[in-house]
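# Coordinate analysis (summary)
The chain contents come next:
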Amino acid sequence: MARKFFVGGNWKCNGTVKSNEELVKVLNAAEVPGTDVVEVVVAPAAVHIPAVQAALRKDFSVSAQNCWQGKGGAFTGELSAEMLKDLGLPWVILGHSERRHILKESDEMIADKVAYALSQGLGVIYCIGEKLEERESGNTMAVNARQMKALADKISDWSQVVVAYEPVWAIGTGKVATPQQAQEVHDEVRKWLAANVSPEAAAATRIIYGGSVTAANCGDLATQPDIDGFLVGGASLKPEFVDIIKAAEKSQ
């Protein structure tokens, strides 16, 4: 069974009521491939989720950007998986490099978050990726394998996980991995899944690319056999996000 292309827009800590309304209008009016070709998910800041959810076209889904690693309680400022499910959200992004490296979340903590979110029925966009010095020292796959193993130690069912490979050196820098560089890592991650989880999980799991994806480079990236979509940052706040969604047609 073919893996359906997946395009996520991570709005991060951006947006106002007004700017989100304008962006949603653009998305609602866009002519894009149908849900048989591409799954589209946007992740607004938490305070804007209900408004975006109410206004956004129903063939696009809304995701949270983060959630707590267990049941809710005395955890000031956190959102629980139960709260996200209560809102009707199908997805949450976990393990983003900004959470790992700026907010110092460990591999183990992130894996706990993913396992708990999955247990509550959420789908998870699980981010992995190396920093520039790790790539330059030849440790790209060692870092990605470590981050994959942390999760594999905590979960057995990967059917609700989308893996997002985001080289940290390419996030928000304007640098982008070449299609060949990205494909090479995606292929290695898929081989890791085959060897350490199962060939079935490797064949079915969508591995998407993130890191300065734009309308200009998405077409070439989309043609790579192991790139199953994108997790888009800055460009998801602009009309060009529509062009990135349309790149799904190049993957056919």
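An unreviewed UniProt entry lists the protein under the name Triosephosphate isomerase, from Chlorella ohadii. If you open the UniProt record of the protein and go to Subunit (unreviewed entry), you find "Homodimer."

All right, on to the packing of aromatic side chains then. What the rule picks out here adds up to 4 aromatic pairs. With centroids separated by 5.1 Å and ring planes inclined at 75 degrees, the aromatic side chains of phenylalanine 6 and tryptophan 91 adopt a geometry described as edge-to-face. Of the two residues, phenylalanine 6 sits in strand S1 (residues 5-10) while tryptophan 91 sits in strand S4 (residues 91-94), which places them 85 residues apart along the sequence. Residue classification places phenylalanine 6 among the buried residues on the basis of a relative accessible area of 0%. Taking NZ or CZ as reference, arginine 57 lies 4.4 Å from the ring centre of phenylalanine 60, over its face.

To continue, consider the nonpolar core. Core analysis: the biggest nonpolar cluster contains 68 residues, and Val7, Leu27, Val92, Tyr126, Met148, Tyr209 and Phe230 have the highest contact counts within it. Take this core: its biggest share by element is 6 residues, from helix H5 (residues 107-119). Leaving out residues up to four positions away in the same chain, phenylalanine 230 has contacts with Phe5, Phe6, Val7, Gly8, Ile208, Tyr209, Val213, Cys218, Leu221, Ala222, Ile244 and Ala247. Counting residues in hydrophobic clusters, the runner-up holds 11 residues, among them Phe6, Val41, Cys127 and Ile208.

Here is the key point about a regular strand: its side chains alternate between the two faces of the sheet. Most of strand S2 (residues 38-43) sits out of view: 5 of its 6 residues are buried. Of the strand pairs in this sheet, S1 and S2 are connected by 6 bridges, and their pairing is parallel. Paired with glycine 9 across the strands is valine 42, a residue of S2. In this fold, the crossover linking S1 to S2 by way of helix H1 (residues 17-29) has right-handed handedness. In the sheet, S2 pairs with strand S3 (residues 60-64) via 3 bridges, with the strands oriented parallel. Bridging across to S3, valine 40 finds its partner in phenylalanine 60. Regarding topology, helix H2 (residues 49-55) serves as the crossover connection from S2 to the parallel S3, and that connection is right-handed.

Further remarks concern the layout of surface pockets. Where empty space is left can be seen by rolling a probe of water-molecule size over the atoms. Volume-wise, the largest pocket comes out at about 470 Å³. As for the largest pocket, its lining consists of 19 residues, of which Lys12, Ala46, Gln65, Asn66 and Arg99 are closest to the centre. When residues in the lining of the largest pocket are grouped by element, the largest group, 3 residues, is from helix H4 (residues 97-102). Considered class by class, the residues forming the lining of the largest pocket number 10 nonpolar, 5 polar and 4 charged. By volume, the second largest pocket amounts to about 310 Å³. Along the walls of the second largest pocket sit 20 residues, with Ser159, Val161, Ala204, Thr205 and Arg206 positioned nearest its centre. If you list the elements that add at least two residues to the lining of the second largest pocket, you get strand S6 (161-165) and helix H9 (199-204). Considering every element that reaches the lining of the second largest pocket, the biggest residue donor is H9, with 4 residues. Along the lines of polarity and charge, the residues of the lining of the second largest pocket split into 10 nonpolar, 5 polar and 5 charged.

Cut-off values and rules
- Residues numbered from 1 in each chain as written.
- Predicted model: local features only at pLDDT ≥ 70, side-chain atom pairs only at ≥ 80, totals over all residues.
- Heavy atoms only, no water.
- UniProt positions renumbered as here; feature names shortened; annotations may be inferred.
- Phe/Tyr/Trp six-rings, centres within 6.5 Å; stacked < 30°, edge-to-face > 60°.
- Helix = DSSP H or I, 4+ residues; strand = E, 2+ residues; numbered from the N terminus.
- Buried < 20%, exposed > 50% of the residue type's maximum accessible area, 1.4 Å probe, protein only.
- Lys NZ or Arg CZ within 6 Å of the ring centre and 35° of its normal.
- Core = buried A, V, L, I, M, F, W, Y, C linked by side-chain atoms within 4.5 Å.
- Contact = heavy atoms within 4.5 Å.
- Pairing = 2+ DSSP bridges.
- Right-handed = clockwise from strand over helix to strand, strands pointing away.
- 1 Å grid on protein atoms, 1.4 Å probe; cavity = no way out; pocket = protein on both sides within 12 Å on 5 of 7 lines; lining within 4 Å.
- Points joined across faces, edges and corners; volume = space filled by probe spheres on them.
- Nonpolar A, V, L, I, M, F, W, Y, C, P; charged D, E, K, R; others polar.

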